[in-house]
Number of protein chains: 2
Amino acid sequence: MVSEDKPVSICRVHFDPDGVSIDVPTGTTLLEAAQRAGVPIDSVCGGAGRCGRCKVRVTGSVSVSGEEPSPESRSGKPRMVLACMGTITGDVNVHVPESSRIGIHQILEASEHVELKALSPLVRKVHLHLPKPTLEDNLSDLDRIRRSLLNAEDRSAKIGLPVLRTIPRVVREKDWEITLSIAETTVGKRIVKIEPGDTTDSMYGIAVDIGTTTVVLRLIDMVTGKTLTTESTYNKQIVCGEDVLTRIFYAEEHGTSTMTKLIIQTIDFLISEACEHASKLTGKKIRPTDILSASISGNPAMIHFFLMLDTSNMRLEPYIPVANLIPFVHADDIPLNINPNSLVYICPGRASYIGGDVLADVLASGMHLSKKLSLLIDVGTNGEVVLGNKDWMVCCSCSAGPAFEGGEVSCGMRAMQGAIDRISITRSGDVRFHTIGDVEPLGICGSGLIDLISELFVHDYIDRRGVLNPTASKRIRKLESGESAFYIAHRGKGKLVKDWGEQPTEILITDTDIQNILRTKAAIYSGCSVLLKSLEYDFEDVSQVIIAGGFGRYLNIRKAITIGLLPDIDLKKYRFIGNGALEGARLTLLSSQKRNEILDIYRKMTYFELSVSALFFEEFSSALFLPHTDIERFPSVKSFLNKEHHDER
Amino acid sequence: MVSEDKPVSICRVHFDPDGVSIDVPTGTTLLEAAQRAGVPIDSVCGGAGRCGRCKVRVTGSVSVSGEEPSPESRSGKPRMVLACMGTITGDVNVHVPESSRIGIHQILEASEHVELKALSPLVRKVHLHLPKPTLEDNLSDLDRIRRSLLNAEDRSAKIGLPVLRTIPRVVREKDWEITLSIAETTVGKRIVKIEPGDTTDSMYGIAVDIGTTTVVLRLIDMVTGKTLTTESTYNKQIVCGEDVLTRIFYAEEHGTSTMTKLIIQTIDFLISEACEHASKLTGKKIRPTDILSASISGNPAMIHFFLMLDTSNMRLEPYIPVANLIPFVHADDIPLNINPNSLVYICPGRASYIGGDVLADVLASGMHLSKKLSLLIDVGTNGEVVLGNKDWMVCCSCSAGPAFEGGEVSCGMRAMQGAIDRISITRSGDVRFHTIGDVEPLGICGSGLIDLISELFVHDYIDRRGVLNPTASKRIRKLESGESAFYIAHRGKGKLVKDWGEQPTEILITDTDIQNILRTKAAIYSGCSVLLKSLEYDFEDVSQVIIAGGFGRYLNIRKAITIGLLPDIDLKKYRFIGNGALEGARLTLLSSQKRNEILDIYRKMTYFELSVSALFFEEFSSALFLPHTDIERFPSVKSFLNKEHHDER
Ligand code: FES
Ligand code: FES
């Protein structure tokens with residue numbers, strides 16, 4: 001965290017029992033340092049010093065906000081302080097008691113990889129030593145291969161012409177010793193490659209999450225199941241529009257093929273990067289053609305673009321995709337720069353706005369295997385919500401709008417370099433923030449906006465309708481348009497990915513911005529709430545709330561509750577699964593069991609169309625307040641609110 | 001028939017009970033006229049006037065060879081004559097009694113088409129009227145289509161990306177009325193085309209026989225199963241060599257792709273010709289992309305070339321093809337100029353020299369459905385033989401050599417325009433012949449050579465070893481090389497397909513030519529004989545002998561027996577099936593039953609390698625005589641041979 005107003009020096013902060021150390025500038029609060037170090041300290045009031053949940057025991061240089069260092073501080077004796085109120089002035093040791101923990105620590109780890117008991121990858125290698133043909137044993141090359149396969153299903157595996165063409169050369173190259181690569185699809189097996197000799201120790205696959213903004217690719221050693229490298233880059237389609245709808249329009253005007261070309265270029269770039277990095281790492285030359293399988297997840301529009309399928313019917317009522325359950329496709333039908341005979345698996349979607357990325361989230365979360373009721377929220381552009389357990393599932397898309405993705409907010413931007421992803425306002429009214437890449441700030445991304453609204457609200461700079469109080473802070477001013485704005489910082493000189501014309505020199509948040517953010521948070525909250533109500537459940541019935549999406553990982557749950565984005569339930573029920581879409585792609589790549597499971601999820605899942613639900617509009621309107629019209633739904637927020645000031649309804 | 005020595009006028013000959021009339025030049029024998037008219041008169045001695053089998057009752061102008069017209073001839077009263085001895089001098093009516101008939105009349109008809117009880121084509125069309133999507137019924141386009149399919153197998157039909165891409169446009173083009181084309185393969189169903197509206201009344205397929213010399217294509221209306229047009233042309237590969245081995249060598253030197261390109265060009269040409277002709281015929285515009293299925297038969301080398309599979313291992317011991325049972329291939333993997341998403345079916349082969357053409361012959365012959373023992377002979381370059389019944393089958397390739405295809409014989413040529421395809425020698429030593437296309441003669445094709453050897457033998461111009469007797473005819477002369485040659489005719493000025501350098505001005509047959517032909521006939525006869533012996537059968541056990549191949553149709557069975565090419569059994573046992581390879585392709589295109597049957601033939605068939613059989617070499621040596629060392633095997637030939645002259649062994 002960087003305070004923009006004061007000169008700083010660097011202090012070391014050590015957290016126990018986590019055993020984590022972090023260097024932070026002086027002036028950082030203990031709570032901020034803990035967040036930055038990944039130490040989960042509960043902070044119901046968002047660091048306003050009101051809830052008292054963030055108590056920690058410190059030894060070292062900490063001053064309680066605004067006061068002179070106490071004798072204990074100087075003496076080095078341990079003392080209890082509120083982490084949000086303790087400003088670091090020098091090196092310090094912090095002990096975080098269990099009672100102050102959010103309890104999501106273990107989940108952050110779990111989000112890395114779901115462990116697979118056994119690998120049953122999309123493609124498997126079989127090494128064979130064929131008997132040499134003679135006049136007495138004069139089977140054709142193909143029949144000779146088939147005869148040597150032990151498994152009857154393998155023996156009847158399909159084979160395409162391109163692979164068939166390679167057979168006579170390959171079988172004779174290393175004296176009738178060969179390695180077959182056999183893909184296992186829902187519609188039978190298929191021989192996708194034949195190599196001379198024994199190559200069973202090298203087999204590669206890719207798992208790809210095609211995000212609207214970012215594309216992430218994992219190159220996986222299919223023998224061990226280990227990820228060799230993870231690469232990510234911006235989706236090159238961004239030049240045609242930042243959000244899905246703009247791109248669908250673009251595709252209608254310029255043809256889907258432009259979109260397809262751009263996404264293929266993006267993935268091909270990641271493939272070559274991954275091969276290069278993995279080659280260095282393993283000391284083995286790994287080429288794109290060594291990649292024999294791929295599993296892809298993405299929202300329906302991204303998958304349609306990837307496959308060059310028309311998206312125009314997805315944007316118009318009744319919102320119809322070409323296909324949700326996409327059959328295996330051949331790499332060279334796309335064409336993707338991996339082995340052209342490879343099969344590409346696409347995680348199935350459920351509707352035009354519930355894609356394979358969401359089903360992959362579900363798969364990665366494991367909620368489909370649990371008896372307990374789970375609520376999964378992917379806080380992306382649309383805000384997709386899945387409610388259910390191992391027996392049933394209902395999903396909806398909240399049409400949340402792009403506020404958390406940088407849209408509809410003047411200072412909003414994607415979670416990319418220069419984006420403010422965490423903000424706090426000190427008691428004295430200073431603004432502290434962290435930018436991605438630790439560079440000068442360019443704008444604010446989703447998690448930063450949630451922090452910001454929460455902080456503005458907690459510090460009474462906005463009321464429950466989200467309207468700025470011009471007298472609450474010298475940072476609030478009237479704009480020419482007549483509305484108020486809160487000043488955060490001056491813009492750095494970094495370049496935004498998209499050229500927005502003349503770029504503002506200041507990062508401000510206006511009343512309009514705040515209203516747009518409130519609409520977004522209201523959509524997501526009411527999506528969850530309607531799904532539950534329509535099945536006669538309540539938030540309290542939910543055993544776990546799973547937060548998915550790359551964005552989710554930086555989300556401050558407490559602050560999200562404060563603004564009424566997430567329900568006010570026991571923090572221990574929250575779980576982050578990180579990029580579940582990518583993890584789901586990895587799982588389906590490596591395990592036929594997981595491919596069956598996601599198909600089962602697809603079959604089990606019912607789509608609930610919110611846009612025709614009267615209840616949704618009612619809920620939505622009530623959720624436009626901070627945290628909600630019905631404050632009783634947010635008891636933890638209610639408990640620290642300044643009654644006189646906030647409870648004006 | 002044209003006698004080259006005498007001026008001619010035209011007479012009308014009418015045959016009863018056939019009801020066939022034909023115009024022939026004066027000087028034609030009744031037997032020749034009958035052969036030309038397709039009236040099958042038995043002629044054991046090959047028209048030498050010795051066997052007495054060719055008796056017919058005539059009314060009209062016929063003179064018995066060399067004699068003055070009899071009073072009956074002038075009076076118009078019916079009289080019995082030997083057809084081979086009766087020369088036509090004016091209009092004549094001929095009654096052919098049952099006792100003089102070969103009894104293959106009905107088979108010539110049967111060879112046209114095997115009747116199919118029910119069509120179950122490779123591709124089937126299904127017309128659907130889909131319910132329009134609504135917010136309540138918002139299935140994806142693909143799921144909407146699947147749901148409307150009644151058959152569960154259809155519902156799970158695979159679909160490739162290229163077809164998937166067409167869906168959103170097509171379903172909406174005619175208000176959710178569509179026609180699916182579903183292919184049925186051994187590995188499940190597949191949607192190969194989706195069209196707007198109801199197009200179930202137009203569905204086309206092609207059956208193709210890829211011959212080494214000639215490629216024949218049938219365009220078939222898949223709704224009715226009717227052949228719309230049959231097109232044929234020379235295989236463009238001929239420029240790389242006339243026979244299979246030369247082409248394999250060529251492919252090794254210049255790459256298989258050259259061969260592939262040439263055969264695809266050939267077929268694509270036939271496709272466009274067929275579409276044009278069929279469009280005129282039906283009044284409907286039929287385009288190559290309307291062709292949704294194809295079935296191909298051909299010898300293994302041709303199929304390998306067609307699919308761009310390496311042939312080099314097929315020519316070297318142990319003669320290994322890449323594959324015998326070829327999986328369905330996609331049209332655009334080849335690529336063939338039909339609908340790119342079509343599946344192409346390849347009739348399976350059994351070994352490097354027993355191809356899908358032979359299995360298609362078997363399928364067309366129906367021998368695989370009969371309890372009776374059948375012997376099928378395809379007198380092509382190799383001379384393939386299949387022996388068996390519905391329970392078992394053994395096949396072999398006789399390596400007969402290309403004599404009957406125009407190779408290894410100085411005046412030999414393929415059965416193309418200008419080829420002498422029928423020859424007879426009159427009692428007075430005149431040579432009469434017929435050329436394909438009724439043009440001036442360029443050379444002699446297989447059936448002509450068989451006729452010629454038989455005639456030379458019957459007229460004692462050659463002895464049982466096939467050596468010309470220089471004193472037997474003024475047409476026999478000594479060449480510079482020291483060997484003898486029999487003069488047939490002067491060459492016409494037509495151009496041979498292959499440029500043979502300086503072309504001879506005379507059509508001659510030499511001692512060496514005759515030896516080459518004897519080797520060929522000996523190979524085929526002994527192939528048959530060894531197959532039978534190895535299973536402890538005799539020719540007499542065979543219920544039918546099936547002659548396949550386009551060449552077979554013009555083959556004079558009696559003359560083929562005379563030279564010992566075919567076994568001397570009851571002529572009634574012989575059946576011509578014409579181009580069984582093409583017919584087999586047609587059947588597999590139209591009937592899943594037939595595709596199962598050919599697969600069953602493939603599984604049932606055992607390959608017998610003659611090249612390692614000691615018995616074969618023994619049999620072969622004995623068969624080099626005319627008709628055979630063991631004259632007792634050819635009783636009908638023995639009966640008319642001049643004992644003193646021929647029985648010199
Ligand atoms: S008191 Fe520190 S976070 Fe509430
Ligand atoms: S007697 Fe006429 S053919 Fe034999």
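Cut-offs and rules
- Residues numbered from 1 in each chain as written.
- Chains lettered and ligands numbered in written order.
- Predicted model: local features only at pLDDT ≥ 70, side-chain atom pairs only at ≥ 80, totals over all residues.
- Heavy atoms only, no water.
- Helix = DSSP H or I, 4+ residues; strand = E, 2+ residues; numbered from the N terminus.
- Rg over C-alpha atoms; globule rule 2.2 N^0.38 Å.
- Contact = heavy atoms within 4.5 Å.
- Areas by Shrake-Rupley, 256 points an atom, 1.4 Å probe, with all protein chains shown as cover.
- Lys, Arg positive; Asp, Glu negative; His and termini not counted.
- Charge placed at Lys NZ, Arg CZ, Asp CG, Glu CD.
- Patch = residues over 30% accessible without salt bridge, like charges linked within 9 Å, V, L, I, M, F, W, Y side chains within 5 Å.
- Salt bridge = Lys/Arg side-chain N within 4 Å of Asp/Glu carboxyl O.
- Buried < 20%, exposed > 50% of the residue type's maximum accessible area, 1.4 Å probe, protein only.
- Phe/Tyr/Trp six-rings, centres within 6.5 Å; stacked < 30°, edge-to-face > 60°.
- Lys NZ or Arg CZ within 6 Å of the ring centre and 35° of its normal.
- Arc of directions from axis to C-beta.
- Least-squares fit on C-alpha atoms with pLDDT ≥ 70 in both.
- Buried area = accessible area lost by both parts, 1.4 Å probe.
- Polar contact = N/O pair within 3.5 Å; in protein donor to acceptor, adjacent residues only side chain to side chain.
- Pairing = 2+ DSSP bridges.

### Considerations on the overall build of chain A
Piece 1. Within chain A, the secondary structure is distributed over 19 helices and 28 strands.
Piece 2. Taken against the 2.2 N^0.38 rule, which gives 26 Å for 649 residues, the C-alpha radius of gyration of chain A at 27 Å falls within 12% of a compact globule.
Piece 3. When its C-alpha atoms are laid out on the principal axes, chain A stretches across 95 × 60 × 50 Å.
Piece 4. Looking at chain A alone, contacts between residues at least 24 apart form 67% of all its contacts between residues at least 6 apart.
Piece 5. As displayed, chain A offers around 24,200 Å² of accessible surface, 50% of which is attributable to carbon and sulfur atoms.
Piece 6. Put simply, chain A has 73 plus and 82 minus side-chain charges, and the middle of one group is 3 Å from the middle of the other.

### A few points about a negative patch on the surface
Residues and elements named next belong to chain A.
Piece 1. Together, D538, E540, D541 and D570 give the surface a local cluster of negative charge.
Piece 2. Relative to the helices and strands, D570 is located in the loop between helix 14 (557-562) and strand 27 (574-578).
Piece 3. What makes D570 partly exposed here is its relative accessible area of 45%.

### A few points about the packing of aromatic side chains
Piece 1. Under the criterion given, the structure shown has 16 aromatic pairs over all chains.
Piece 2. The interplanar angle of 15° and the centroid separation of 6.0 Å between the aromatic rings of W392 of chain B and Y537 of chain B together place this pair among those described as stacked. Of this pair, W392 of chain B sits in the loop between strand 18 (384-388) and strand 19 (393-397) while Y537 of chain B is found in the loop between helix 12 (511-534) and strand 26 (544-548), placing the two residues 145 residues apart along the sequence.
Piece 3. Accessibility expressed as a relative area gives 31% for Y537 of chain B, which makes it partly exposed.
Piece 4. Ring-pair connections join several aromatic residues into one group, and the members of that group are Y525, F539 and F634 of chain A.
Piece 5. Sitting over the face of the ring of Y602 of chain B, R350 of chain B holds its NZ or CZ atom 4.3 Å from the ring centroid.

### Some words on the environment of L31 of chain B
All names here are of chain B.
Piece 1. One can find L31 in helix 1 (residues 30-37).
Piece 2. By relative accessible area, L31 is classed as buried at 5%.
Piece 3. Separated by 443 residues in the primary sequence, L31 and K474 have C-alpha atoms spaced 25 Å apart.

### Brief notes about helix 7 (residues 244-254) of chain B
Residue and element names in this part refer to chain B.
Piece 1. When helix 7 is considered as a whole, its buried residues turn out to be V244, R247, I248 and A251. For helix 7, the arc enclosing every buried residue in end-on projection is 105°, short of the 170-degree limit, so these residues lie on one face.
Piece 2. Packed against the buried residues of helix 7 are helix 8 (256-282) and helix 9 (300-306).

### Things to note about the relation of the copies chain B and chain A
Piece 1. Each copy superposes on the other: chain B lies on chain A with an RMSD of 0.2 Å after a rotation of 180° and an axial shift of 0.0 Å. The transformation relating the two chain copies, once decomposed into turn and shift, fits a two-fold axis. Identified as the residue of chain B closest to the rotation axis by C-alpha distance is V187 of chain B, at 4.3 Å.
Piece 2. By residue overlap, the copies meet face to face through one surface: 100% of the interface positions of chain B are interface positions in chain A.

### Digging into the interface of chain B and chain A
Piece 1. Contacts between the two partners involve 41 residues from chain B, matched on the other side by 42 residues from chain A.
Piece 2. Interface area, chain B with chain A, both sides summed: about 3,800 Å², of which 63% is carbon and sulfur.
Piece 3. In terms of surface lost to chain A, no three residues of chain B exceed L135, L161 and R165 of chain B, which account for 18% of the buried area on that side.
Piece 4. Seen at the junction of chain B and chain A, the total is 14 residue pairs in polar contact (both at pLDDT 80 or more).
Piece 5. Looking at the side of chain B that touches chain A, the elements that each hand over two or more residues are helix 4 (141-148), strand 8 (158-159) and helix 6 (161-173) of chain B.

### Considering the environment of L582 of chain B
Piece 1. Positionally, L582 of chain B belongs in helix 14 (residues 580-590).
Piece 2. In this structure, L582 of chain B is in contact with A207, V208, D209, V216, R218, T230 and S297 of chain B, ignoring residues within four places of it in sequence.

### Examining the pairing of strand 24 (residues 484-490) of chain A
All names here are of chain A.
Piece 1. Extensive coverage of strand 24 is indicated by the burial of six of its seven residues.
Piece 2. Of the strand pairs in this sheet, strand 23 (residues 476-478) and strand 24 are connected by three bridges, and their pairing is antiparallel. When the sheet's bridge partners are listed, R477 is paired in strand 24 with A485.
Piece 3. Hairpin geometry of strand 23 and strand 24 is characterised by an intervening segment of five residues between the two adjacent antiparallel strands and by a positive phi of about 100° at G482.
Piece 4. Across five bridges, the pairing between strand 24 and strand 25 (residues 506-510) is antiparallel.

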